[in-house]
Amino acid sequence: GHPGRFLSPLLIINIGMLVVANWTAFKARNIKSEFAESKYIGMCMGFMLQALICGVPLLILNRDNPPVFFLVSALMMFSICVAILLLMFVPKILLAINFAKETSSQQRLHIQECIAESTAQKRTEGSRVHHSEKGL
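All of these numbers come straight from a predicted model, not from anything done at the bench. Note on numbering: residues in each chain are counted from 1, in written sequence order. Since the coordinates come from a predicted model, pLDDT governs what is reported: local features require at least 70, and pairs of side-chain atoms require 80 or more to be given and counted, while whole-chain, interface and lining totals use all residues. Just so you know, side-chain values use all the structure's heavy atoms and leave hydrogens and water out.

Once that is clear, we can look at the overall build of the protein. We count a stretch as a helix when DSSP gives it H or I for four or more residues in a row; a strand needs E for two or more, and each element gets its number in order from the N terminus. Across its full length, the protein carries four helices and zero strands. For every residue, the accessible area (1.4 Å probe, protein chains only) is compared with the maximum for its type, and the residue is labelled buried under 20%, exposed over 50%, or partly exposed between those bounds. The proportion of buried residues among the 136 residues of the protein is 15%. To be clear on the numbers: accessible area is Shrake-Rupley with a 1.4 Å probe, and residue cover counts the displayed protein chains and nothing else. Surface summary for the protein: the accessible area is close to 10,500 Å², and the carbon and sulfur share equals 72%.

Take a look at the structure:
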């Protein structure tokens with residue numbers, strides 16, 4: 001059969017998941033970075049967009065040249081996967097290493113401060129939304 005029958009649903013699902021991920025990252029933008037990766041998810045999605053903008057035209061131009069088509073698609077997949085893994089795990093590993101160097105009382109204080117900042121930002125944003133809804 002025609003590959004478009006299989007690729008079209010995959011494309012729709014991928015675009016839908018990117019939209020959901022962007023929406024979730026936007027909602028979680030004020031959470032302290034120790035508890036959330038929304039900044040890194042945004043960077044990952046930006047890198048995916050760059051890879052697609054550069055790679056898709058090359059794939060289209062080389063669709064009749066199987067070795068080049070395979071090489072470009074493999075490099076796109078590899079670079080996207082490496083970028084996602086590095087952006088998701090390296091910051092958390094570095095945070096864990098620095099956290100392990102603290103004493104238990106410093107760790108407890110650090111966690112309490114992060115929770116207090118995250119909840120204070122959420123309360124402040126919630127009151128802004130609440131007040132703006134009253135004005136409407």
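Let us keep going from here.
Inter-axis angles, ranging from 0 to 180 degrees, are taken between N-to-C directions of lines fitted to C-alpha atoms, where helices are fitted over the stretch in contact. The contact between helix H2 (residues 38–61) and helix H3 (residues 66–100) brings their axes to 10 Å, and the two run at 175 degrees. With respect to H3, the axis of H2 lies roughly antiparallel. When H2 is examined against H3, the residues Tyr40, Ile41, Met43, Cys44, Phe47, Met48, Ala51, Leu52, Gly55, Val56, Leu58 and Leu59 are found in contact with a partner set consisting of Phe69, Val72, Ser73, Met76, Ser79, Ile80, Ala83, Ile84, Leu87, Met88 and Pro91. When its residues are assigned to classes, the contact of H2 with H3 shows 20 nonpolar, three polar and no charged. In these notes the angle categories are as follows: under 35 degrees is roughly parallel, over 145 is roughly antiparallel, 65 to 115 is roughly perpendicular, and the rest is oblique. The contact rule is simple, with two residues in contact once any of their heavy atoms fall within 4.5 Å. Each residue gets one of three labels, nonpolar for Ala, Val, Leu, Ile, Met, Phe, Trp, Tyr, Cys and Pro, charged for Asp, Glu, Lys and Arg, and polar for the others, Gly among them.

With that out of the way, let us pick up a nonpolar patch on the surface. Without a salt bridge and with relative accessible area above 30%, a residue can belong to a patch; like charges are then joined within 9 Å and nonpolar side chains (Val, Leu, Ile, Met, Phe, Trp, Tyr) within 5 Å. Between Lys or Arg on one side and Asp or Glu on the other, a salt bridge is scored when a side-chain nitrogen of the former is within 4 Å of a carboxyl oxygen of the latter. The grouping of Phe78, Val82, Leu85, Leu86, Phe89, Val90, Ile93, Leu94 and Ile97 at the surface amounts to a nonpolar patch, some 830 Å² of accessible area in total. Summarising the element assignment, Val82 is placed in helix H3.

In this section: H2. Side chains three or four residues apart in an α-helix point the same way, a direct result of the helix having 3.6 residues per turn. Multiplying one less than the number of residues by 1.5 Å gives the expected span of a helix. For H2, which comprises 24 residues, the first-to-last C-alpha distance of 35 Å matches the rise-based estimate of 34 Å (1.5 Å per residue) to within 8%. A residue's bend is the angle separating two fitted axes: one through the seven residues that end there, the other through the seven that start there. The sharpest bend along H2 comes to roughly 25 degrees, located at Gly55, with the proline Pro57 sitting one to four residues further on. Tucked into the core, H2 has its buried residues touching helix H1 (4–27) and H3.

Values of pLDDT, which run from 0 to 100, indicate the predictor's confidence residue by residue. On average, the protein scores 80 in pLDDT, and the residues at 70 or more come to 84%. At the level of individual helices and strands, the protein shows its lowest average pLDDT in helix H4 (residues 104–135), which scores 70, and its highest in H3, which scores 90.

Turning next to H3. In this model, H3 (35 residues) spans 50 Å end to end at C-alpha, consistent with the 51 Å of a helix rising 1.5 Å per residue. Taken as a whole, H3 has its buried residues at Val72, Ser73, Met76, Ile80, Ala83, Leu87 and Met88. Among the structural elements, H2 are those in contact with the buried residues of H3.

Where H1 meets H2, the axes come as close as 9 Å, and the angle between the chain directions of the two elements is 150 degrees. In terms of axis orientation, H1 runs roughly antiparallel to H2. Crossing geometry of H1 relative to H2 is assigned as left-handed. Residues Leu18, Ala21, Asn22 and Ala25 of H1 form the contact with H2, whose own contacting residues are Ser38, Met45 and Met48. The residue inventory of the contact of H1 with H2, partitioned by class, reads five nonpolar, two polar and no charged. Helix crossings are classified by the rotation of the near helix relative to the far one: an anticlockwise turn of less than a right angle makes the crossing left-handed, while a clockwise turn makes it right-handed.

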